[in-house]
Amino acid sequence: MNRLRLLLRLLRQHLLSYLAGTVMVGLTLRMGLAIPRYLQEGIDILQTNPDPAGAAFLNRIGWILFFAVAIIVTRTASRLLFFVPGRRVEYDLKNEMLGHLSTLQRPFFLDNPTGAIISRINNDINGVRMLMGFGLMGLVNSVGMLSLAPYYMYRISPRLTLYAAVPIVLAFGLLQVAVRRLRSEQLTQMKAMQD
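Residues numbered from 1 in each chain as written. Predicted model: local features only at pLDDT ≥ 70, side-chain atom pairs only at ≥ 80, totals over all residues. Heavy atoms only, no water.

With 15 residues, the main nonpolar core has Leu 10, Phe 82, Val 89, Leu 93, Val 128 and Met 132 as its most contacted residues. Listing elements by their share of this core, those giving two or more residues are helix H2 (15-48), helix H3 (55-101) and helix H5 (114-156). The dominant element in this core, judged by the number of residues it contributes, is H5, at 7 residues. Apart from residues no more than four positions distant in its own chain, Val 89 is found in contact with Leu 10, His 14, Val 128 and Met 132. Among the nonpolar cores identified, the runner-up in size contains 8 residues, and Ile 35, Tyr 38, Ile 64 and Ala 70 belong to it. (Core = buried A, V, L, I, M, F, W, Y, C linked by side-chain atoms within 4.5 Å. Buried < 20%, exposed > 50% of the residue type's maximum accessible area, 1.4 Å probe, protein only. Helix = DSSP H or I, 4+ residues; strand = E, 2+ residues; numbered from the N terminus. Contact = heavy atoms within 4.5 Å.)

Here's what the structure looks like:
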């Protein structure tokens, strides 16, 4: 429960940045999913009128180029809005830890080698930084993509959507097995470091 409380406290400290980052991820996903539709419309226009200089075709190409440039901007902004708070969290936690270590007495340092203390601090705080930066952004991105993509795919072809869903479900199952094994290995390593 203390871990969850710590993560919620860190999340609240940078909530505005995370909310703005979520908006940027949403815009990135929405524009990324709009490009195939404009591409399809452009191909359909070329099939009926093979003139590539036609206004309707150029309009679709213009939208595709606009979305491509806008995606670069929103994706960069989303990474900054998620990764900068992660780095700030890392900085704050290391300062808190240094302050706490400076209050400890000599017996603590005799029982715990300095290298082991530094290694634990770096590993734990780097893990928190990754969670509060890349981890949260990945979660928002995955939830957004898994929410929007099936809808757009189903609008294009329900049958192809079903075919595409089968390997995704299988990959998700394999990922769960791999994550459990990774957690087990991490716990084993952490116990070995404490001994």
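On to the packing of helix H1 (residues 2-13) against H5, then. Across the interface, H1 lies against H5 with an axial gap of 12 Å and an inter-helix angle of 55 degrees. What the angle tells us is that H1 and H5 run oblique. Here H1 and H5 pass one another in a crossing that is right-handed. Residue-level inspection shows Leu 7, Leu 10 and Leu 11 of H1 in contact with H5, the latter providing Val 128, Leu 131, Met 132 and Leu 136. Residue composition of the contact of H1 with H5, by class: 7 nonpolar, no polar and no charged. (Axes fitted to C-alpha atoms, helices over the stretch in contact; angles between N-to-C directions. Parallel < 35°, antiparallel > 145°, perpendicular 65-115°, else oblique. Left-handed = near helix turned anticlockwise from the far one by under 90°. Nonpolar A, V, L, I, M, F, W, Y, C, P; charged D, E, K, R; others polar.)

A full pass over the atoms with the stated rule returns 6 salt bridges. The shortest N-O distance in the salt bridge between Arg 37 and Glu 41 comes to 3.2 Å. Placement of the pair is Arg 37 and Glu 41 together in helix H2, with a separation of 4 residues, close to one helical turn. Taking relative accessible area as the criterion, Glu 41 reaches 21% and is therefore assigned partly exposed. (Salt bridge = Lys/Arg side-chain N within 4 Å of Asp/Glu carboxyl O.)

Turning next to the packing of aromatic side chains. Inspection of every chain in the model, using the stated rule, returns 9 aromatic pairs. For the pair Phe 66 and Phe 67, a centre-to-centre distance of 5.7 Å together with 55 degrees between the ring planes defines the contact as tilted. Ring geometry for Phe 108 against Phe 109: centres 5.3 Å apart, planes inclined by 85 degrees, an arrangement best described as edge-to-face. Using a relative accessible area of 34% as the deciding quantity, one classes Phe 109 as partly exposed. One aromatic cluster is present, formed by Tyr 38, Trp 63, Phe 66 and Phe 67 through successive ring pairs. Lying across the ring of Tyr 38, Arg 37 places its NZ or CZ 4.7 Å from the centre. (Phe/Tyr/Trp six-rings, centres within 6.5 Å; stacked < 30°, edge-to-face > 60°. Lys NZ or Arg CZ within 6 Å of the ring centre and 35° of its normal.)

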